[in-house]
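# Fold and geometry: a report
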Amino acid sequence: MRLSPLTRAGLAAALLACAAAQAQPAAPTPGAVPPPPPAAGQPPGPIGQPAAVEQATHSGVLQRWLLNPNGEADGLLLQDGTQVGFPPHLSGSLTSWLQPGAAVDVAGWHHSGVPVLRASAIRSQGRTVEDTPPAAGQVPPPPPQRQALAELQADGRVAAVLLNTRGDAHGLLLDNGVIVRFPPHVAAGMGALLQPGATVSARGWGTRNALGTALEATQLGSSSSTLQEVFRGPAGGPPRQP
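Calculation notes
Residues numbered from 1 in each chain as written. Predicted model: local features only at pLDDT ≥ 70, side-chain atom pairs only at ≥ 80, totals over all residues. Heavy atoms only, no water. Helix = DSSP H or I, 4+ residues; strand = E, 2+ residues; numbered from the N terminus. Buried < 20%, exposed > 50% of the residue type's maximum accessible area, 1.4 Å probe, protein only. Areas by Shrake-Rupley, 256 points an atom, 1.4 Å probe, with all protein chains shown as cover. Pairing = 2+ DSSP bridges. Salt bridge = Lys/Arg side-chain N within 4 Å of Asp/Glu carboxyl O. pLDDT = per-residue confidence, 0-100. Contact = heavy atoms within 4.5 Å. Polar contact = N/O pair within 3.5 Å; in protein donor to acceptor, adjacent residues only side chain to side chain. Core = buried A, V, L, I, M, F, W, Y, C linked by side-chain atoms within 4.5 Å.

## A word on the overall build of the protein chain
Looking only at helices and strands, one finds two helices and 12 strands in the protein chain. Each helix (α) and strand (β) of the protein chain, taken in turn from the N terminus, gives the series α-β-β-β-α-β-β-β-β-β-β-β-β-β. Taking all 242 residues of the protein chain together, 47% fall into the buried category. Carbon and sulfur atoms make up 56% of the accessible area of the protein chain, which totals about 12200 Å².

## A short note on the pairing of strand E10 (residues 199-209)
When you tally the buried positions in E10, you get eight out of 11 residues, the bulk of the element. The pairing of E10 with strand E11 (residues 212-221) spans nine bridges and is classified as antiparallel. What sits directly across from Asn209, in E11, is Gly212. With antiparallel pairing between neighbouring strands as the criterion, E10 and E11 make up a hairpin whose turn holds two residues.

## Description of the pattern of salt bridges
As enumerated under the stated definition, the model contains one salt bridge in all. Here Asp74 ties to Arg181 by a salt bridge, and the two come within 2.8 Å at their closest N and O atoms. Of this pair, Asp74 sits in strand E2 (residues 73-78) while Arg181 sits in strand E9 (residues 179-181), and the two are 107 residues apart along the sequence. Classification of Arg181 by relative accessible area gives buried; the value is 8%.

## Concerning the confidence of the model for the protein chain
Detail in the predicted coordinates should be disregarded across regions flagged by low pLDDT. Averaged over the protein chain, the pLDDT score is 81; the fraction of residues at 70 or greater is 73%. Here residues 1-11 is a poorly scored stretch, pLDDT under 50, and it has eight contacts once near neighbours within four places are set aside; other chains count. Between residues 17-48, whose pLDDT stays under 50, and residues either more than four places distant or in other chains, the model counts 48 contacts.

## Remarks on the environment of Asp131
For Asp131, the location among the structural elements is in the loop between strand E6 (127-130) and strand E7 (150-163). For the pair Asp131 and Pro87, spaced 44 residues apart in sequence, the C-alpha to C-alpha distance is 7.8 Å. Of the polar contacts made by the side chain of Asp131, one reaches the side chain of His89; its length is 3.4 Å.

## Brief notes about the nonpolar core
Counting 26 residues, the largest nonpolar core has Trp65, Leu76, Phe86, Leu94, Leu98 and Ile122 as the members making the most contacts within it. Those elements giving two or more residues to this core turn out to be strand E1 (53-67), E2, strand E4 (103-111), strand E5 (116-124) and E7. Those residues in contact with Leu76 that lie beyond four places of it in its chain are Leu62, Arg64, Trp65, Leu66, Thr82, Gln83, Val84, Phe86 and Ile122. In this structure, Leu174, Val178, Val186 and Leu193 belong to the second largest nonpolar core, which totals 21 residues.

## With respect to unusual backbone geometry
Backbone geometry places Gln125, a non-glycine residue, at a positive phi of 55°. For Gln125, the position within the fold is in the loop between E5 and E6.

## With respect to the environment of Ala188
Considering the arrangement of structural elements, one finds Ala188 in the loop between E9 and E10. Here the alpha-carbon distance between Ala188 and Asp168, two residues 20 residues apart in the chain, equals 9.6 Å.

Structure (structure tokens):
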């Protein structure tokens, strides 16, 4: 059965929402007792027991936004290599005025031993954007309007491996600025692709906008001739080129 473009876009959005739910754990409840650290030799993440949560702050210079396949910023990369994550509903509040090159102060938390900071507040140039949970009984705002996902292809070298707050690889930043996302469990089979400098070819579904280009990979390989299906998208994802 052939899917209409509207149906395919709907399926793609559902798949991306599922992947994002796996990739972005919720912030710890204020006042809650952090869970104990994992046993020796056992990494934090879905396989083992989550590591203890620690409050943290960090200052640096914004190098670039990290985008999800819907074209929303859900993180930032500082010039010292620090990755900072935040929920995508803060994308508009931050990107409307904060530009690469600006000095930022980040307050938030991270899992012990994981070099990714989950922001609860980002300050720059006298302004602060906070991730404030809705008050009890408050109706959350409707989700933002998103443009339809497009079939995209990306080829380049790995500039950085992107991690979620559990320390799981869930994306790649290529040297051409394209961001390739994938569910964390896919990383276990990617081997040499998870190395800075590695050549990568990816096809999938995503968005190009003023902030950059990001896609959720359905096929990955070291070149277009070695692509392998890693995450089934609508209609199997973009077709391979001969």
